[in-house]
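Commentary on secondary and tertiary structure
Chain residues, written in single-letter form:
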Amino acid sequence: MDSVHGAGVVVTGAGGGIGAALARRFAAEGARVVVNDLDARKAAAVAAGIGAVAVPGDCSTIVEEAREALGGTVDIYCANAGVGSPPGDAFLDDDVWATAWDVNVMAHVRASRVLLPDWLERGEGRFVSTVSAAGLLTMIGEAPYSVTKHGALAYAEWLSLTYRHRGLKVHAICPQGVRTDMLAATGSVGELVLAPTAIEPEAVADALFAAMAEDRFLVLPHPEVAGFYQARAGDTDRWLGSMNRVQRKWEEATGRPGARAAVRPGWEDPVWEPRSGR
């Protein structure tokens, strides 16, 4: 795309997975890229491979530093950093919920506070939010992730409807399974729901660039998600019933409460740790 050649681009959570794929694609298209990640070594490695600048650290606090690294202007901001949640239920500890809310929603809010004044003054800017299909639908076994990804989608929608007439373009990336460390960390629920149709991170970058070319808000690397989204809106109770059947299938396969079968070999969940990035 000619429109990104020379543009200043920031990608958070870009030490691997979707973020690294986005950073590589933008660099290949001629953009000037800042690679952000909590892991400084991973950020540096990705940046070195594409001729970008690494700005490691908390994605909520690096916007000004990234802008300086780009010569004073950020044209495109990819709010990609995210954190999953442990497979479980509504009884997860408050700190798990707080972390998910802070990274998956408030980091987007904080970044836009810094970016919007310049974008609105110039009459142009682009905000890319990596939401996940969990934000359009939901994800069994991961309450904080599902709830906060709904919040990320709602915030992206709000930005678009509020500022599109002032030159702001917003895109919400909503993939299902993508072959990243975050997918591996989901354990049995990811294997059941996401792994069968998982795609490579590069396919997500391709989908974003197609959406930018068409000036389209929703980015659906898995096109079938559009049908699921329509089914959810058209007959919510039927959709909830079908998702509950998936929930029961997962319980039976893993021996969770209410299950009628023992744990299947290979379906044990890994020890969960918060993972930032997509």
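Structure's up top.
Residues numbered from 1 in each chain as written. Predicted model: local features only at pLDDT ≥ 70, side-chain atom pairs only at ≥ 80, totals over all residues. Heavy atoms only, no water.

Moving on, we come to the pairing of strand β1 (residues 8–11). The alternating pattern of β1 places Gly 8 and Val 10 and Val 9 and Val 11 on opposite faces, both of which are buried. Two strands pair when backbone bridges link them, and β1 and strand β2 (residues 32–35) are joined in this way by four bridges, in the parallel orientation. Each bridged residue has a counterpart across the sheet, and for Gly 8 the counterpart in β2 is Arg 32. Across three bridges, β1 lies against strand β4 (residues 76–79) in parallel orientation. Directly across from Val 9, in β4, lies its bridge partner Ile 76. (Buried < 20%, exposed > 50% of the residue type's maximum accessible area, 1.4 Å probe, protein only. Helix = DSSP H or I, 4+ residues; strand = E, 2+ residues; numbered from the N terminus. Pairing = 2+ DSSP bridges.)

When the terminal C-alpha atoms of helix α1 (residues 17–28) are compared, their 17 Å separation across twelve residues agrees well with the 16 Å that a helix rising 1.5 Å per residue should span. Buried within α1 we find Ile 18, Gly 19, Ala 20, Ala 21, Leu 22, Ala 23, Phe 26 and Ala 27. One or two positions beyond α1, positive phi appears at Gly 30, with a value near 95°. (Expected span 1.5 Å × (residues − 1).)

Moving on to the packing of α1 against helix α9 (residues 201–214). The packing of two helices is summarised by the inter-axis angle and the distance between the axes. The contact between α1 and α9 brings their axes to 8 Å, and the two run at 55°. In this view, α1 runs oblique relative to α9, as classed from their interaxial angle. Where α1 crosses over α9, the two elements pack in a sense that is right-handed. Contacts from Gly 17, Ile 18, Ala 21, Leu 22, Arg 25 and Phe 26 of α1 reach α9 at Pro 201, Glu 202, Val 204, Ala 205, Asp 206, Leu 208, Phe 209 and Met 212. The residue inventory of the contact of α1 with α9, partitioned by class, reads ten nonpolar, one polar and three charged. (Axes fitted to C-alpha atoms, helices over the stretch in contact; angles between N-to-C directions. Parallel < 35°, antiparallel > 145°, perpendicular 65-115°, else oblique. Left-handed = near helix turned anticlockwise from the far one by under 90°. Contact = heavy atoms within 4.5 Å. Nonpolar A, V, L, I, M, F, W, Y, C, P; charged D, E, K, R; others polar.)

A few words now on the pattern of salt bridges. Tallied over the full model, the rule gives nine salt bridges. Arg 25 serves as the salt-bridge partner of Glu 29, at 3.1 Å between the closest nitrogen and oxygen. With a relative accessible area of 22%, Glu 29 lands in the partly exposed category. By relative accessible area, which is 23% here, Arg 25 ends up partly exposed. With a shortest N-O distance of 3.0 Å, Arg 122 and Asp 118 are connected by a salt bridge. Taken together, the residues span about one helical turn, with Arg 122 and Asp 118 both in helix α4 (residues 94–122) at a distance of four residues. Shared partners join several salt bridges into a network, and the residues in it are Asp 75, Asp 118, Arg 122 and Glu 124. (Salt bridge = Lys/Arg side-chain N within 4 Å of Asp/Glu carboxyl O.)

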